[in-house]
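Chain residues, written in single-letter form:
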Amino acid sequence: MTWKYIPFRNTSSHLQVQCLDSTRKIKLLLANGEQLLFESNQKISTEELNRRISPDSTIKQLGKQFEGKEQDSLQYNKLYVPKGADFYLKLSDGSVVNINSESTLHFPVEFSSENREVYLEGEAFFDVVREDKFPFKVHTGDKTITVLGTKFNVSAYRDDQEWMATLVQGKISVTARDFQQVLLPSQQLCINKETGETTVKEVETELYTSWVDGKFYFKGYRFEDIAKKMERWYDVVVVYQNEEIKDMKFRGVIDKHVPLKQTLMYLEKTTDIKFEINDKVIIVSKIN
C-alpha cells in the first residue's frame, strides 16, 4: 500500500505553531500567572516573546541561560498544545523541543546552574544541546530520561497502553522505580503500562519521529494505533463498526497537513474499509 506524501520540514529556530484549525490556540501559562495565546502558523522568536511579557513580570530573561539559581527556587512555565496542533520551542540553553498534539510541557523560567529539567505529558521530540556538566532530564510520571546531548522521541500519553522512548542520536538513560535502561542509537524502549513488561528493540526511528516533519509514516502499524494519531491531530473520535478493523496492518506515508477527508480517501482507495464522517465522529466499517 502506498499513500501520497507531500514533503514538509521545519527549519526555523523560532517558536513556531503549525495548526489546522485557527480556532485552536496553544496556551503558555507563565510562572507569574500571565497567559499567552498563540495563533495558527505564527512564528515568535524568544526576543519577541520577551517583549510580550509585562514590565513587572518575574520572567525577564526567558531566553537566556541562568547561572547560580538553586533548583528548588525555579519557576516553571506550562505549555498546553491542543489537538490539531504541534509546537516548536527553543529553550534557554539552545535545546529544541518539538511538542506533539494533546501534550503539556512544564519548563523552567531559567535553568539552574546544576541541571536542566522539564516535565512532559504526551509526546515530544528533543534535540538537546550537549552540556557534559549539566545533564538534561525529562520527567514523565515515574520515569526519567537523562541525557547530556542527544536527539530522541518520547511518547507518554496517559491513554496509550505503552510508554515509548526512541533514540535517534547519542545515548540516553531511562530510570523508573525498579529499573534503569541505557539506549543506543536506533533503539527503542517500550514499557507496557498494564503488565510493566519492558522491551528494548532496534527500530526505524523515522517511524516514530516523522510527525516532526509533518508526516504520518507507518510500517506494519495496527489501524487502531493509526486512528489514535488521527484523533489527536484532527480532533475527532473514531468509532468501529467491526472490531477486527483495529488489528488490520497498514504501511505508507501521508502528509498530516492535508484535510481529513483527503486522508480518509487515500485509505479507502487502498483498503477494503470505508469511512463516514458525522461532525467530529468518524465511523469506520468494512466493505462487504
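Residues numbered from 1 in each chain as written. Predicted model: local features only at pLDDT ≥ 70, side-chain atom pairs only at ≥ 80, totals over all residues. Heavy atoms only, no water.

Asker: Sorry, what's going on with the environment of Asn 115 here?
Answerer: Residue position: Asn 115 is located in the loop between β8 (103–108) and β9 (116–127). When the C-alpha positions of Asn 115 and Lys 133 are compared, they lie 8.0 Å apart, and in sequence the two are 18 residues distant. (Helix = DSSP H or I, 4+ residues; strand = E, 2+ residues; numbered from the N terminus.)

Asker: Sorry if this is basic, but what is going on with the side chain of Glu 123 here?
Answerer: Looking at the secondary structure, you find Glu 123 in strand β9. The buried charged residue Glu 123 lacks any salt bridge, with Lys 229 as its nearest oppositely charged partner at 4.8 Å. Not counting chain neighbours up to four residues away, the residues in contact with Glu 123 comprise Asn 98, Ile 99, Asn 100, Ser 103, Asn 153, Val 154, Ser 155, Tyr 157, Tyr 208 and Trp 211. (Buried < 20%, exposed > 50% of the residue type's maximum accessible area, 1.4 Å probe, protein only. Lys, Arg positive; Asp, Glu negative; His and termini not counted. Salt bridge = Lys/Arg side-chain N within 4 Å of Asp/Glu carboxyl O. Contact = heavy atoms within 4.5 Å.)

Asker: I would appreciate a short explanation of the nonpolar core in the present structure.
Answerer: Nonpolar side chains tend toward joint burial in soluble globular proteins. Residues Leu 79, Leu 105, Phe 126, Ile 145 and Phe 152 are the most contacted members of the largest nonpolar core, which totals 36 residues. Take this core: its biggest share by element is four residues, from β9. Here Ile 145 is in contact with Phe 136, Lys 137, Val 138, Phe 152, Val 154, Trp 163, Ala 165, Ile 172, Ser 173 and Val 174, once residues within four sequence places are set aside. Grouped together as the second largest cluster of nonpolar side chains are 32 residues, Val 203, Val 238, Ile 245 and Ile 282 included. (Core = buried A, V, L, I, M, F, W, Y, C linked by side-chain atoms within 4.5 Å.)

Asker: Explain the confidence of the model for the protein chain here, please?
Answerer: The predicted structure's coordinates, where accompanied by low pLDDT, should not be read in detail. Within the protein chain, residue pLDDT values average 81, and 80% of them lie at 70 or more. Between the elements of the protein chain, mean pLDDT differs from a low of 40, seen in strand β1 (residues 15–19), to a high of 97, seen in strand β12 (residues 151–156). Below a pLDDT of 50 lies the segment residues 1–23, which in the model reaches 76 contacts outside its immediate sequence neighbourhood of four places, other chains included. Below a pLDDT of 50 lies the segment residues 54–71, which in the model reaches 45 contacts outside its immediate sequence neighbourhood of four places, other chains included. (pLDDT = per-residue confidence, 0-100.)

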